Amino acid sequence: MKRKVVCLHGYSMNSNWLREWCAPLEKTLSDEAIFLYPQGPIECPEDEVRATTARFNMPLPESRIGKELNWCWYRASEDRPPIYQDIDETLQQLADLFEREGPISGVFGWSQGAVITAILVALMEREPNSPFHFDWAVMCGGFLPGDTFFRRYFDPPLQTPSLHVVGARESEFMKEQGMKLQMAFANSERVDTPVGHTLPVRYPDSMAQIAGWMLRHL
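Draft legend 1. Looking closely at the sheet that holds strand β10 (residues 188-193). Reading across from one edge, β2-β1-β7-β8-β9-β10 is the order of the six strands in this open sheet, with parallel pairing throughout. Across the chains shown, the open sheet's two edge strands, defined by having one partner strand only, are β2 (33-36) and β10. On average, each strand axis in the sheet is inclined to that of its neighbour by 20°, with strand direction left out of account. Of the pairings in the sheet, the one linking strand β9 (residues 162-167) to β10 comprises six bridges and is parallel in character. What sits directly across from V166, in β10, is D192. The sheet strands contacting helix α5 (residues 112-126) are β1 (3-8), β7 (106-110) and β8 (136-140), and the helix crosses β7 at an angle near 145°. Each of β1, β2, β7, β8, β9 and β10 touches helix α8 (residues 204-217); the most contacted strand, β8, lies at about 165° to it.

Structure, rendered in structure tokens:
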């Protein structure tokens, strides 16, 4: 029986966009896995999308920006540390997905989706009645949650097997954040890719490394 993998897109993306990026993984693992692509429940304001993508040096083509195209899993408040607004809606949506589609083998998250992936692992391990149950996690371009409510779950390190994917051309800040996230997982491996804040879809060797790790854990 094929195993199911939940794939969580990044801030300002949508499920179809991440499906395009993950096509090489789906092709490699087509005999082993079914990929599920839920969409974040919070629509991102257009001006916020432009400002955020510019800050990460990944401007979007105009065809990727507009009504019903840009979604997220939470919006971080301006507080320091931030508060993740509307994340309860996201967690309920994903809990419903796990109940409806389970059992789930693993969770794959990109950027903000990687943060949510980390939170799901933490809730699974720390909360006795968690609705989330899966065996492994892949976090690409991720970082530890900034919201202190969730940050407290990451000490001591989590035990779920994890893969952390970090781009060599990421900013030094994001590389450091990726390292901190990996250190919060005791059973972790890492793949360094030759890109910035994006999945290495144009680098078959990097995608093959990610797919190979997933295959070993399916």
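Still to come is the rest of the account.
Draft legend 2. Quick look at the packing of aromatic side chains. Inspection of the entire model under this criterion finds nine aromatic pairs. Ring centres of Y74 and Y84 lie 3.8 Å apart, and the angle between their planes is 15°; on these two criteria the pair is classed as stacked. In this pair, Y74 is assigned in the loop between β4 (71-72) and β5 (75-76) and Y84 in strand β6 (residues 84-85), connecting sequence segments ten residues apart. There is no split in this pair, since Y74 and Y84 are both buried.

Draft legend 3. Expanded view of the nonpolar core. I116, I119, L120, F132, F134, F154 and F185 are the most contacted members of the largest nonpolar core, which has 38 residues in total. Of all the secondary-structure elements, those providing two or more residues to this core are β1, α4 (87-101), α5, β8 and α7 (172-183). A total of ten residues in this core trace back to one element, the largest contributor, which is α5. For F154, the contacting residues outside a window of four places in its chain are A118, I119, A122, R126, L144, P145, A184 and F185. If you look at the next biggest cluster of nonpolar residues, it comprises 33 residues, including W17, Y37, C72 and V138.

Draft legend 4. Fine view of the packing of α4 against α5. As a packed pair, α4 and α5 sit with axes 12 Å apart at the nearest point and diverge in direction by 70°. Judged by the angle between their axes, α4 and α5 are roughly perpendicular. Considering how the two elements wind past one another, α4 and α5 form a crossing that is right-handed. Listed contacts from α5 to I87, T90, L91, L94 and F98 of α4 are I116, I119, L120 and L123. The residue makeup of the contact of α4 with α5, split by class, is eight nonpolar, one polar and no charged.

Draft legend 5. View of α5. The end-to-end C-alpha distance of α5, which contains 15 residues, comes to 21 Å, matching closely the 21 Å that a straight helix rising 1.5 Å per residue would cover. Summarising burial for α5: 13 of the 15 residues are buried, a large majority.

Draft legend 6. View of the environment of P145. Along the polypeptide, P145 turns up in the loop between β8 and α6 (148-151). For the pair P145 and H164, spaced 19 residues apart in sequence, the C-alpha separation works out to 15 Å. In contact with P145, not counting residues within four places along its chain, are Y84, V115, I119, F150, R151 and F154.

Rules used in this analysis
- Residues numbered from 1 in each chain as written.
- Predicted model: local features only at pLDDT ≥ 70, side-chain atom pairs only at ≥ 80, totals over all residues.
- Heavy atoms only, no water.
- Pairing = 2+ DSSP bridges.
- Helix = DSSP H or I, 4+ residues; strand = E, 2+ residues; numbered from the N terminus.
- Axes fitted to C-alpha atoms, helices over the stretch in contact; angles between N-to-C directions.
- Contact = heavy atoms within 4.5 Å.
- Phe/Tyr/Trp six-rings, centres within 6.5 Å; stacked < 30°, edge-to-face > 60°.
- Buried < 20%, exposed > 50% of the residue type's maximum accessible area, 1.4 Å probe, protein only.
- Core = buried A, V, L, I, M, F, W, Y, C linked by side-chain atoms within 4.5 Å.
- Parallel < 35°, antiparallel > 145°, perpendicular 65-115°, else oblique.
- Left-handed = near helix turned anticlockwise from the far one by under 90°.
- Nonpolar A, V, L, I, M, F, W, Y, C, P; charged D, E, K, R; others polar.
- Expected span 1.5 Å × (residues − 1).

Geometric values such as these leave the question of function open.
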